[in-house]
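# Secondary and tertiary structure notes
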Amino acid sequence: MVWVLVVFVGVALLVVIGIYNRLVGLRQSVRQGVADIDAQLRQRHDLIPNLVETVKGYATHESETLEAVIAARNAAARGQGGEAQLRGALDNLLALGEAYPDLKASANFQSLQGELADVEDKLAAARRALNAAVARFNAARESFPAVLFANMLGFAEADFHRLDASEQGTVDQVPRIGF
């Protein structure tokens, strides 16, 4: 009788350890997804000053658009504005390429525009990966028998909206750009 109890406790302990290890791995995937988004946002923020400087040489009287891009980027970097506002300002900046044929033909502008498009694609992919990681983590956390132990082991539900916190555009330093 004692052996049956010992075996039962041993098996239960192994199951809990397995659940814990699986949830730790899935939680790390969620954290990596958030970090990947932050890295893409940082790269986007680093490209913006170069793009603005390139455009400034061709469109000196479009300072309102350039200042709007810088203001949106700096606000996003301080966590005071959304990435959507920055995206809108960038769209206006890139639209200047249509108004200035010399700018549109500039190798620097084309290169920076391509890099920005690449970063946007990577950012979208990182967001999809984060959402998939959150879905896997939450599904594993809520499935039986993990649901019996997840809260006790300190595994809270991951929030798909954690993305908003990473999109506040926290970057290490805000470059100074003057007009």
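Residues numbered from 1 in each chain as written. Predicted model: local features only at pLDDT ≥ 70, side-chain atom pairs only at ≥ 80, totals over all residues. Heavy atoms only, no water.

## Observations regarding the overall build of the protein chain
Rules: Strands here mean DSSP runs of E at least two residues long; helices mean DSSP runs of H or I at least four residues long; both are numbered from the N terminus. Each residue is assigned to one of three classes by its accessible area relative to the maximum for its type, calculated with a 1.4 Å probe on protein chains only: buried under 20%, partly exposed between the two thresholds, exposed over 50%. When checking whether two residues touch, look at their non-hydrogen atoms; a contact exists if any pair is within 4.5 Å. Using the Shrake-Rupley algorithm and a 1.4 Å probe, accessible areas are obtained, with residue cover drawn only from the displayed protein chains.
Regarding its fold elements, the protein chain presents seven helices and zero strands. Reading the secondary structure of the protein chain in the N-to-C direction produces α-α-α-α-α-α-α. The burial tally for the protein chain puts 38% of its 179 residues in the buried class. Sequence separation of 24 or more characterises 77% of the internal contacts of the protein chain that already satisfy a separation of 6 or more. Carbon and sulfur atoms provide 56% of the accessible area of the protein chain, an area that totals close to 10300 Å².

## Topic: the nonpolar core
Put simply, the rule is: Working definition of a nonpolar core: buried Ala, Val, Leu, Ile, Met, Phe, Trp, Tyr and Cys residues. They are joined through side-chain atoms within 4.5 Å.
Judged by nonpolar contacts, the single largest core of 18 residues is most densely connected at L23, V30, I37, L130 and F137. Grouped together as the second largest cluster of nonpolar side chains are 16 residues, A72, L86, L93 and L112 included.

## Section: the pattern of salt bridges
Any two side chains of opposite charge can pair, so long as their charged atoms come close to each other. So the rule is basically this: Salt bridges are defined by distance alone: a side-chain nitrogen of Lys or Arg within 4 Å of a carboxyl oxygen of Asp or Glu.
This structure, assessed with the given rule, holds two salt bridges. A salt bridge links E120 to R44, with the nearest nitrogen and oxygen atoms 2.6 Å apart. Placement of E120 in helix α5 (residues 107-142) and of R44 in helix α1 (residues 2-58) is noted, with a sequence separation of 76 residues between them. As far as the burial class goes, E120 and R44 line up, both buried. With a shortest N-O distance of 3.3 Å, K122 and D118 are connected by a salt bridge. Taken together, the positions of K122 and D118, both in helix α5 and four residues apart, correspond to about one turn of that helix. For D118, a relative accessible area of 36% translates into the label partly exposed.

## Some thoughts on the packing of aromatic side chains
Filter applied, for reference: Here a pair means two rings of Phe, Tyr or Trp (six-membered ring of Trp) with centres within 6.5 Å. Their orientation is stacked below 30 degrees between planes, edge-to-face above 60, and tilted elsewhere.
All told, the structure shown has two aromatic pairs when counted by the stated rule. A ring pair is formed by Y20 and F155, whose centres lie 5.4 Å apart and whose planes are at 70°; its orientation type is edge-to-face. Separated by 135 residues along the polypeptide, Y20 in helix α1 and F155 in the loop between α6 (146-149) and α7 (162-166) bring together distant segments of the chain. Seen from their ring centres, F137 and F155 are 6.4 Å apart, and the 55° between their planes marks the pair as tilted. With F137 in helix α5 and F155 in the loop between α6 and α7, this residue pair connects regions lying 18 residues apart in the sequence. For F137, a relative accessible area of 2% gives the class buried. Aromatic rings pair up to connect Y20, F137 and F155 into one cluster.

## Section: the side chain of E120
Under the convention used in this document: Under this definition, polar contacts are N or O atom pairs within 3.5 Å; protein pairs additionally need one hydrogen-donor-capable and one acceptor-capable atom, and for neighbouring residues in sequence, both atoms have to be side-chain atoms.
For E120, a relative accessible area of 16% puts it in the buried group. Of the polar contacts made by the side chain of E120, one reaches the side chain of R44; its length is 2.6 Å. When neighbours within four sequence positions are excluded, E120 is seen to be in contact with R44 and R87.

## Looking at the environment of D36
Locating D36 in the fold gives a position in helix α1. For D36, a relative accessible area of 36% puts it in the partly exposed group. Counting along the chain gives 93 residues from D36 to A129, while the straight-line C-alpha distance between them is 9.2 Å.

## Quick notes on the environment of R127
Tracing the chain through its elements places R127 in helix α5. Here R127 falls in the partly exposed class, since its relative accessible area comes to 22%. Considering only alpha carbons, one finds R127 and V34, 93 residues apart in sequence, at a separation of 8.2 Å.

## Points about the environment of V15
Mapped onto the elements of the fold, V15 is located in helix α1. By relative accessible area, V15 is classed as partly exposed at 36%. C-alpha of V15 to C-alpha of P145: the two residues are 130 residues apart in sequence and 8.6 Å apart in space.

Spatial relationships are all this shows, so hold off on functional conclusions.
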